[in-house]
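Residue strings, one per chain:
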Amino acid sequence: MKPDSLWLVTAPAETSNPVEQLNDLRQVLAHGKLGHASLVEFPKFKQDPTLSSSLQKTVETIRSLTSPPPTPSPNDADRSSPLSSHLVLDDGRPYLSYVFPEGSEQGQTEESWTWNKGKFRTESRSLCEVVEAIMKEAQSIENAQRNKSQQYAVVKGQLTSALRKKTGNLSMRSLADVVSASDFAGTNNSEYLETVLVAVPKNLTKDWEASYERLTQMVVPRSSTKLAQDDEFVLFSVTLFRRVRDEFAQKAREKKFIVRDFTYDAEAIEKQKRELEALVAEEKDLWADLLRLSRINFSELFQLLVHLKVVRAYVESVLRYGLPAVYFGAVVKPEPKSLPKLVTALSSFLVPSHASYSTHSKKRNKDASGDDAAALGEYASLMEGEYYDFVVFEIERVEARGD
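The numbers attached to residues start from 1 for each chain and follow its sequence in the written order. Since the coordinates come from a predicted model, pLDDT governs what is reported: local features require at least 70, and pairs of side-chain atoms require 80 or more to be given and counted, while whole-chain, interface and lining totals use all residues. No hydrogens and no water enter the side-chain calculation; it runs on all heavy atoms of the structure.

- As named in an unreviewed UniProt entry, the protein chain is V-type proton ATPase subunit C, taken from Sporidiobolus salmonicolor.
- UniProt positions are given in the numbering used here, feature names are shortened, and annotations may be inferred rather than shown by experiment. Database annotation for the protein chain, UniProt heading Sequence similarities (unreviewed entry): "Belongs to the V-ATPase C subunit family."
- Taken from UniProt, the Subunit (unreviewed entry) comment for the protein chain reads in full: "V-ATPase is a heteromultimeric enzyme composed of a peripheral catalytic V1 complex (components A to H) attached to an integral membrane V0 proton pore complex."

Have a look at this one:
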């Protein structure tokens, strides 16, 4: 190393605050007598979190499509199903069997995970190019998923809005499917008379019957007819002269009777009905398309994530164990009650006997960042305060999130 060069040095992070470690280094350098130091902040590489986020978004889409809806609609029948039945590989096997074959727990299979050379060629390609190919594939999948989800969301929103008009009490809901042409037959061809619909609170029904004729002048006597009722309101029709409609509505409002703004139009009602039927059919088709695509994309994204973690494990192995770059790899399924013993056993088995390094304690700030905890996942409590010399990356059970 040349004395007139700048030396870029690294070391394991001792705390979550790099400035503290920089100050320690400056003390080692005798505050400038041996040299000077400034901080280099390493970027947080985003491939793994980005791919994990895409995978989890797909899981949440499947969860939303297959969970019982809070407000059922005509298309929601038989849509509810267990999330696990959809988190499968292309051949229907549980997704974790992709990397941990069924039967492995009992030692009944010698199957192993192998790199997909057909999709991700490794010959004559750098690791950077391999990772770029993985992320390019993931981005393509995410774009297709997002486009289909947005398409479904638009139609679902339109259907929800249309159905909302058919719900609620008689004071606010659409009356197109409540009344019929015969309810307006008496005034259809009249130049002066009009049939008005009034929603009356159930507890004020007697008051309505006793007072509606005197709310204004020009109300046709004994013209009130009960058309429908629900838990809160009774819907009446009443005949009056068109010229007093606004005054009648005002007087009715003062007595808590609600005059509905409704004009019977058979053609418009039929058009509305056809549009709703078309929305129901379109939403049903898009729901099926989105669920089918989400299942396919989940399988693809999970396989991509495993490939990416294998790349990371390989790179970490090169850094930890050195050359030749020939390493043993395995997927371990922990017994939850034996995690401390498992880590000890793995340390003993996986750390090379000729290694010049050994397991050693590291200071860790009690205020370690959430990113640190998230990176370690279920191993966070075990690795708090210690660093282990074997390579380990976590492949999470994606269905556990959000439960």
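And the narrative resumes.
## Details of the packing of helix H2 (residues 47-66) against helix H3 (residues 127-164)
So, step 1. Their axes nearest at 10 Å, the elements H2 and H3 cross at an angle of 30°. Classified by the angle their axes make, H2 and H3 are roughly parallel. Both H2 and H3 take part in a crossing whose hand is left-handed. For the pair H2 and H3, contact is made by Gln47, Thr50, Leu51, Ser54, Lys57, Thr58, Thr61 and Leu65 and by Val131, Ile134, Met135, Ala138, Glu142, Gln145, Ser149 and Tyr152, respectively. As a rule, the C-alpha atoms of each element are fitted with a line to give its axis, helices using only the stretch in contact, and angles between N-to-C directions run from 0 to 180 degrees. The helix count covers DSSP runs of H or I at least four residues long, the strand count covers runs of E at least two residues long, and both are numbered beginning at the N terminus. Between 65 and 115 degrees an angle is taken as roughly perpendicular, under 35 as roughly parallel, over 145 as roughly antiparallel, and anywhere else as oblique. Helix crossings fall into two classes, left-handed where the near helix is turned counterclockwise from the far one by less than a right angle and right-handed where it is turned clockwise. Whether two residues touch is decided by their heavy atoms; if any such pair falls within 4.5 Å, the residues are in contact.

## Observations regarding a nonpolar patch on the surface
So, step 1. Patch criteria: residues need more than 30% relative accessible area and no salt bridge. Like-charged residues are merged within 9 Å; nonpolar side chains of Val, Leu, Ile, Met, Phe, Trp and Tyr are merged within 5 Å. Here the Shrake-Rupley method, with its probe set to 1.4 Å, supplies the accessible areas, and only the displayed protein chains count as covering residues. Criterion for a salt bridge: a side-chain nitrogen of Lys or Arg within 4 Å of a carboxyl oxygen of Asp or Glu. Where nonpolar side chains cluster on the molecular surface, the patch consists of Leu127, Tyr314, Val315 and Leu319 and spans about 360 Å² of accessible area.
So, step 2. Broken down by element, the residue count for the nonpolar patch peaks at 3 residues, all from helix H6 (residues 266-321).
So, step 3. Tracing the backbone shows Leu319 in helix H6.

## Thoughts on the sheet that holds strand S1 (residues 193-201)
So, step 1. By this definition, two strands are paired if DSSP reports at least two bridges between them. Spatially, S2-S3-S1-S4 is the arrangement adopted by the 4 strands of the open sheet, whose pairing is antiparallel. Strands at the two margins of the open sheet, each flanked by one partner only, are strand S2 (225-229) and strand S4 (258-260). The sheet shows a mean angle of 35° between the axes of neighbouring strands, taken without regard to direction.
So, step 2. Alignment of S2 against strand S3 (residues 233-241), held across 4 bridges, turns out to be antiparallel. Residue pairing in the sheet places Ala228 in a bridge with Leu235 of S3.
So, step 3. Helix H5 (residues 245-254) rests against S1, S3 and S4 of the sheet, and its axis sits at about 140° to S4.

## Remarks on unusual backbone geometry
So, step 1. One non-glycine residue, Ser124, lies in positive phi territory at about 60°.
So, step 2. Classification of residues uses two cut-offs on accessible area relative to the type maximum, computed with a 1.4 Å probe and protein chains only: under 20% is buried, over 50% is exposed, and between them is partly exposed. Ser124 sits in the exposed class, given a relative accessible area of 78%.
So, step 3. One non-glycine residue, Lys256, adopts positive backbone phi at about 70°.
So, step 4. Relative to the helices and strands, Lys256 resides in the loop between H5 and S4.

## Overview of the nonpolar core
So, step 1. Residues belong to a common nonpolar core when they are buried Ala, Val, Leu, Ile, Met, Phe, Trp, Tyr or Cys residues joined through side-chain atoms within 4.5 Å. Leu51, Leu87, Ile134, Phe298 and Leu304 are the most contacted members of the largest nonpolar core, which has 41 residues in total.
So, step 2. Of all the secondary structure elements, the ones that give two or more residues to this core are H2, H3 and H6.
So, step 3. The element best represented in this core is H6, accounting for 15 residues.
So, step 4. Those residues in contact with Phe298 that sit more than four places away from it in its chain are Leu55, Thr58, Val59, Ile62, Leu87, Val88, Tyr95 and Val398.

## Description of the packing of H2 against H6
So, step 1. Packing of H2 against H6 brings their axes to within 9 Å, and their N-to-C directions diverge by 155°. Compared by their axis directions, H2 and H6 come out roughly antiparallel. Our pair here, H2 against H6, has a crossing hand that is left-handed.
So, step 2. The nonpolar class holds Ala, Val, Leu, Ile, Met, Phe, Trp, Tyr, Cys and Pro. Asp, Glu, Lys and Arg form the charged class, and all remaining residues, Gly among them, are polar. Split by residue class, the contact of H2 with H6 holds 14 nonpolar, 8 polar and 4 charged.

## Observations regarding the side chain of Asn297
So, step 1. Residue placement: Asn297 occurs in helix H6.
So, step 2. Of the polar contacts made by the side chain of Asn297, one reaches the side chain of Gln145; its length is 2.7 Å.
So, step 3. Residues in contact with Asn297, not counting those within four places in the same chain, are Thr58, Ile141 and Gln145. Polar contacts, as counted here, are pairs of nitrogen or oxygen atoms within 3.5 Å of one another; within protein the pair requires one atom able to donate a hydrogen and one able to accept it, and residues that are adjacent in sequence qualify only if both atoms are side-chain atoms.

## Quick notes on the packing of aromatic side chains
So, step 1. Pairing of aromatic rings covers Phe, Tyr and Trp, the last through its six-membered ring, and needs centres within 6.5 Å; plane angles under 30 degrees mean stacked, over 60 mean edge-to-face, and all others mean tilted. In total, this model carries 13 aromatic pairs according to the counting rule given.
So, step 2. Arranged with centres 5.2 Å apart and planes meeting at 85°, the rings of Tyr95 and Phe298 form a pair that is edge-to-face. Note that Tyr95 is positioned in the loop between H2 and H3 and Phe298 in helix H6, a separation of 203 residues in sequence.
So, step 3. A relative accessible area of 3% means that Tyr95 is categorised as buried.
So, step 4. Accessibility expressed as a relative area gives 0% for Phe298, which makes it buried.
So, step 5. Through a chain of ring-to-ring contacts, three or more aromatic side chains come together here, namely Tyr95, Tyr98, Trp113, Trp115, Phe298 and Phe302.

## A look at the pattern of salt bridges
So, step 1. Under the counting rule described, the total for this entry stands at 13 salt bridges.
So, step 2. The partner of Glu283 in a salt bridge is Lys156, with the nearest N and O atoms 3.6 Å apart. A residue pair is termed long-range when its members are at least 10 positions apart, and Glu283 in helix H6 and Lys156 in helix H3 qualify at 127 residues.
So, step 3. Glu283 gets classed as buried once you look at its relative accessible area, which sits at 0%.
So, step 4. With relative accessibility at 24%, the residue Lys156 sits in the partly exposed group.
So, step 5. Residues joined in a network through salt bridges with shared partners are Arg79, Lys156 and Glu283.

## Looking at the pairing of S1
So, step 1. S1 sits mainly inside the fold: 8 of its 9 residues count as buried.
So, step 2. For S1 and S3, the ladder comprises 9 bridges, and the chain directions are antiparallel. Bridge assignment links Val200 to a residue of S3, and that residue is Val234.
So, step 3. As defined by bridge partners, S1 adjoins S4 across 3 bridges and the pair is classed as antiparallel. Along S4, the bridge assignment pairs Val198 with Val259.

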